[in-house]
Amino acid sequence: MKLEYTLLLSLSTLCLAANPDAPRQGVIGAQKLATAADCSGPVGFSATGTLRVHSTGLISYRNTLVDRGVGFSRETGEFTVHCPGIYHIAFAAYGKNPGTRVMLKKRGANKESSWVDVASAGGDKSAGGSNQVLLELEVGDQTAVWLASGDIATPHDTAQPSTTFTAFRIAKKN
């Protein structure tokens, strides 16, 4: 059973990391993965430091500090929900110059095919910023952070990361 779970987790990570730039209609097998995952325990992740900014602006992360549950890919920067509920999401990014802004976006599994803006941080006169929201997320929904304008202060930083993306479930869906 543990080998099957590890294989399933590896395959889902590879599928998510294959092409973060192409839009997807939904997550195949997300319901099965939600059943296989232990959704009764804590679910959350925390990532820091920019690994790269994809051509679409999607930010991927250098380090994963915590990864409890399934669904987060630091390589693509996307979080795919396998355990539904209400999630607290926090994100931050800081740039070298004023005008740096990042955007948290959400894409529903079967509701829409494009990403929808949820909240931003930073702007014209600031070199980035931070924000946090509560979102009710269903199986297959995705969230991620994009660089909307400007630049990231230290894209390959290790000692003092200038980007963070954190989410944890605060309430399970009944």
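For the structure itself, consult the block above.
To start, this report covers the structure provided alongside it. (Residues numbered from 1 in each chain as written. Predicted model: local features only at pLDDT ≥ 70, side-chain atom pairs only at ≥ 80, totals over all residues. Heavy atoms only, no water.)

A few points about the pairing of strand 9 (residues 163–172)
Here's step 1: Note that strand 1 (residues 44–53) and strand 9 share five bridges and pair antiparallel. Counted as the bridge partner of Phe45 is Ala167 from strand 9.
Here's step 2: For strand 4 (residues 85–94) and strand 9, the ladder comprises nine bridges, and the chain directions are antiparallel. Each residue of the ladder has a partner; that of Tyr87, found in strand 9, is Arg169. (Pairing = 2+ DSSP bridges. Helix = DSSP H or I, 4+ residues; strand = E, 2+ residues; numbered from the N terminus.)

Digging into the sheet that holds strand 6 (residues 116–122)
Here's step 1: The strand order across the open sheet formed by four strands is 3-8-5-6, and the pairing between neighbours is antiparallel. The sheet is open, and its two edges are formed by strand 3 (79–80) and strand 6, each paired on a single side.
Here's step 2: Strand direction decides the pairing type here: strand 5 (residues 101–107) and strand 8 (residues 142–149), joined by seven bridges, are antiparallel. From the neighbouring strand, Arg101 faces strand 8, where its bridge partner is Ser149.

Here we look at the environment of Leu65
Here's step 1: Examined against the element boundaries, Leu65 turns out to sit in strand 2 (residues 59–68).
Here's step 2: Those residues within four positions of Leu65 in sequence are excluded, and the remaining contacts are Ser46 and Thr48. (Contact = heavy atoms within 4.5 Å.)

A few points about the pairing of strand 2
Here's step 1: With eight bridges connecting them, strand 1 and strand 2 associate as antiparallel partners. Across the sheet, the residue bridging to Phe45 is Asp67, located in strand 2.
Here's step 2: From the end of strand 1 to the start of strand 2, which pair antiparallel, there are five residues, and Gly57 there has a positive phi angle of about 100 degrees.

Considerations on the sheet that holds strand 1
Here's step 1: Reading across the sheet, the five strands line up as 2-1-9-4-7 and stay open at both edges, with antiparallel pairing between neighbours. The sheet terminates laterally at strand 2 and strand 7 (128–137), the two strands that pair on one side only. Sheet twist, expressed as the mean angle between neighbouring strand axes with direction ignored, is 15 degrees. (Axes fitted to C-alpha atoms, helices over the stretch in contact; angles between N-to-C directions.)

Digging into the nonpolar core
Here's step 1: Counting 26 residues, the largest nonpolar core has Tyr87, Ile89, Phe91, Val102, Leu104, Val145 and Phe165 as the members making the most contacts within it.
Here's step 2: Per-element tally for this core: the top contributor is strand 4, with four residues. (Core = buried A, V, L, I, M, F, W, Y, C linked by side-chain atoms within 4.5 Å. Buried < 20%, exposed > 50% of the residue type's maximum accessible area, 1.4 Å probe, protein only.)

Details of the state of the cysteines
Here's step 1: Applying the stated criterion to the full structure yields one disulfide.
Here's step 2: Through a disulfide, Cys39 is tied to Cys83; the S-S separation comes to 2.0 Å. Handedness here is read from the sign of the S-S torsion; for Cys39 and Cys83, about -75 degrees, the answer is left-handed. Taken together, the positions of Cys39 in the loop between helix 2 (30–36) and strand 1 and Cys83 in the loop between strand 3 and strand 4 put the pair 44 residues apart, joining distant regions of the chain. The same class applies to Cys39 as to Cys83, namely buried. (Disulfide = S-S within 2.5 Å.)

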